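# Descriptive analysis of the structure
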Amino acid sequence: MKLVPLGERVVLKECVAEETTKSGIVLPTASQEKPQYAEVVAVGPGIVVDGEKIEMQVKVGDKVIYSRFAGNDVELDGDKYIIVKQSDIHAVVEA
């Protein structure tokens, strides 16, 4: 199966959470924060506002920073995804 977002929605796949701190302390799973860093796996077509099409600013493969409490968690074929609005994405991370 495949997730196809509608409107201004974006499907994200969370990047792996850090299991150790920079100083080497191993964090138990319960104390790890939800990551705000994810990869874009699907992008909706955009929306039309007042007759003008609002283009999507992210594309598949982009690494992004998104709002901590944004979106809906979805599980499909054993993989976990987050569906967010484009406005919940704060930045694209460039290498």
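Summarised in this report is the structure supplied together with it. (Residues numbered from 1 in each chain as written. Predicted model: local features only at pLDDT ≥ 70, side-chain atom pairs only at ≥ 80, totals over all residues. Heavy atoms only, no water.)

### Here we look at the sheet that holds strand E7 (residues 79–85)
- On the basis of which strands lie adjacent, the open sheet formed by six strands has the order E6-E7-E1-E2-E5-E8 and antiparallel pairing. Only two strands of the sheet have a single partner each, and these edge strands are strand E6 (72–76) and strand E8 (89–93). Sheet twist, expressed as the average angle between the axes of neighbouring strands with direction ignored, equals 45°.
- Pairing geometry for strand E5 (residues 63–66) and E8, over four bridges, is antiparallel. (Pairing = 2+ DSSP bridges. Helix = DSSP H or I, 4+ residues; strand = E, 2+ residues; numbered from the N terminus. Axes fitted to C-alpha atoms, helices over the stretch in contact; angles between N-to-C directions.)

### Here's the deal with the nonpolar core
- Membership of the largest hydrophobic core is limited to 12 residues, which are Val 10, Leu 12, Ala 38, Val 40, Met 56, Val 58, Val 64, Tyr 66, Ala 70, Ile 82, Val 84 and Ile 89.
- Setting aside anything within four residues of it in sequence, one finds Val 84 in contact with Glu 8, Arg 9, Val 10, Leu 12, Ala 70, Gly 71 and Ile 89. (Core = buried A, V, L, I, M, F, W, Y, C linked by side-chain atoms within 4.5 Å. Buried < 20%, exposed > 50% of the residue type's maximum accessible area, 1.4 Å probe, protein only. Contact = heavy atoms within 4.5 Å.)

### Re the environment of Val 4
- Position of Val 4 among the secondary structure elements: in the segment before strand E1 (9–14).
- Taking the relative accessible area as the measure of exposure, Val 4 reaches 60% and is therefore exposed.
- Val 4 sits 37 residues away from Val 41 along the chain, and the two C-alpha atoms are 9.6 Å apart.

### Topic: the pattern of salt bridges
- Per the stated rule, a full pass over the model turns up three salt bridges.
- In this structure, Asp 79 and Lys 13 form a salt bridge, with 3.7 Å as the shortest nitrogen-oxygen distance. A residue pair is termed long-range when its members are at least 10 positions apart, and Asp 79 in strand E7 and Lys 13 in strand E1 qualify at 66 residues.
- Given a relative accessible area of 31%, Lys 13 falls into the partly exposed group.
- Notably, a salt bridge pairs Lys 63 with Glu 39, separated by 3.1 Å at the nearest N-O pair. Taken together, the positions of Lys 63 in strand E5 and Glu 39 in strand E2 (residues 37–43) put the pair 24 residues apart, joining distant regions of the chain.
- We classify Lys 63 as partly exposed; its relative accessible area is 27%. (Salt bridge = Lys/Arg side-chain N within 4 Å of Asp/Glu carboxyl O.)

### Focus: unusual backbone geometry
- Backbone geometry at Asp 50 places phi at a positive 50°, although glycine is not the residue there.
- Note on Asp 50: relative accessible area 79%, which makes it exposed.
- Its identity as a non-glycine residue notwithstanding, Asp 77 has a phi of 55°, on the positive side.
- Looking at the element boundaries, Asp 77 is found in the loop between E6 and E7.
- According to the relative accessible area criterion, Asp 77 is exposed, its value standing at 56%.

### A closer look at the pairing of E1
- Two strands pair when backbone bridges link them, and E1 and E7 are joined in this way by four bridges, in the antiparallel orientation. Note that in E7 the partner of Val 10 across the bridge is Val 84.
- Strand direction decides the pairing type here: E1 and E2, joined by five bridges, are antiparallel. The residue of E2 that forms the bridge with Val 10 is Val 43.

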